[in-house]
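Secondary and tertiary structure notes
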Amino acid sequence: MATHGKGRLPKDNPMRRNKNPEEILEGRKVPVPVLRNGEAYHPETLNWWLTWINSPQVEAFLPTDWERLQQLAALVNAYWNDPKASTLAEIRQNESMLGATVADRQRLRMKDQGGKTVQGTNNPTQAEPEISDEELYRMLNGGGGA
């Protein structure tokens, strides 16, 4: 029996044993929360937050996901105030768990409400959401007070 690579030859009739079963999570969906302390954040952090809250991934976010994103906002803000590779690596790792890239979404087997795999968009008109200054103000500090 000749082999041309390392390891054993594949079985004639392989059975995939590592397939992750799909589980339907029943959780309480919540509306997009206000970015805590948003008024104190760097403009790039605010752009990052707007990108996330307008992404298709948030359709599946539960309260724990939103809390992670809130915590991550503080880390993103720290990066923009003092850019370090270690901070960026931590951001990348956390974003990966939330499905930031096409590869992340494929690995997580993310699907939209219609059952299609969430890929994102290449449409530049959708890359930047159309939002008024008043809406942005309300999202960042809850619209309370002046």
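In this text, all values refer to a predicted model and were calculated from it rather than measured experimentally. In this numbering scheme, every chain counts its residues from 1 along its sequence in written order. Only residues with pLDDT of at least 70 are given local features in this predicted model, and only at 80 or more are side-chain atom pairs given and counted; all residues enter the totals for whole chains, interfaces and linings. Water and hydrogen atoms play no part in the side-chain values, which are based on all heavy atoms of the structure.

Turning our eyes to something else, we now look at the environment of proline 31. Elements are defined by DSSP. Helices are runs of H or I of four residues or more, strands are runs of E of two residues or more, and each kind is numbered from the N terminus. As for its position among the elements, proline 31 is in the segment before helix H1 (43–53). With a 1.4 Å probe rolled over the protein chains alone, any residue whose accessible area is under 20% of its type maximum counts as buried; one over 50% counts as exposed, and the rest are partly exposed. Here proline 31 falls in the exposed class, since its relative accessible area comes to 67%. Counting along the chain gives 28 residues from proline 31 to glutamate 59, while the straight-line C-alpha distance between them is 9.7 Å.

Before going further, it helps to examine the packing of H1 against helix H2 (residues 63–81). Every angle, taken between N-to-C directions, lies between 0 and 180 degrees, and every axis is a line fitted to C-alpha atoms, over only the stretch in contact when it is a helix. Close contact between H1 and H2 brings their axes to 9 Å; oriented N to C, the two are set at 150°. Between H1 and H2, the crossing angle belongs to the class labelled roughly antiparallel. Crossing of H1 against H2: the hand is right-handed. Mapping the contact onto sequence places Glu44, Thr45, Trp48, Trp49, Trp52 and Ile53 in H1 and Trp66, Leu69, Gln70, Leu72, Ala73, Val76, Asn77 and Trp80 in H2. We call Asp, Glu, Lys and Arg charged. Ala, Val, Leu, Ile, Met, Phe, Trp, Tyr, Cys and Pro are nonpolar, and the rest, Gly among them, are polar. Residue classes in the contact of H1 with H2 are distributed as ten nonpolar, three polar and one charged. The cut-offs work like this: below 35 degrees is roughly parallel, past 145 is roughly antiparallel, 65 to 115 is roughly perpendicular, and the gaps in between are oblique. The sense of a crossing depends on the near helix, which, turned anticlockwise from the far helix by less than a right angle, makes the crossing left-handed and, turned clockwise, makes it right-handed. In this description, contact between two residues means that some pair of their heavy atoms is separated by no more than 4.5 Å.

As a further point, take the pattern of salt bridges. Any carboxyl oxygen of Asp or Glu that lies within 4 Å of a side-chain nitrogen of Lys or Arg is treated as forming a salt bridge with it. In the structure shown here, the tally under the stated rule is three salt bridges. Residue lysine 84 pairs with aspartate 82 through a salt bridge whose shortest N-O separation is 3.4 Å. Judged by relative accessible area, which is 42%, aspartate 82 ranks as partly exposed. Residues aspartate 104 and arginine 107 are paired through a salt bridge, measuring 3.6 Å at the closest nitrogen-oxygen approach. Placement of the pair is aspartate 104 and arginine 107 together in helix H4 (residues 102–107), with a separation of three residues, close to one helical turn. Owing to a relative accessible area of 11%, aspartate 104 belongs among the buried residues under this scheme. For arginine 107, a relative accessible area of 46% translates into the label partly exposed.

The subject of this paragraph is the confidence of the model for the protein chain. The pLDDT value tells you how sure the predictor is about a given residue, anywhere from 0 up to 100. Model confidence for the protein chain is summarised by a mean pLDDT of 78, while 60% of its residues fall at 70 or above. This stretch, residues 121–127, has a pLDDT under 50; its non-local contacts, to residues over four places away or in other chains, come to one contact.

What follows deals with the side chain of arginine 105. Positionally, arginine 105 belongs in helix H4. Under this rule, positive means Lys or Arg and negative means Asp or Glu; His and the chain ends count for nothing. Despite being buried, arginine 105 has no salt bridge partner; aspartate 104 is the closest side chain of opposite charge, sitting 6.4 Å away. Only 3.0 Å separates the side chain of arginine 105 from the backbone oxygen of glycine 99, close enough to count as a polar contact. One polar contact links the side chain of arginine 105 to the main-chain carbonyl oxygen of alanine 100, over a distance of 2.9 Å. N or O atoms closer than or at 3.5 Å make up a polar contact, with two conditions inside protein: a donor-capable atom paired with an acceptor-capable one, and, for residues adjacent in sequence, both atoms drawn from side chains.

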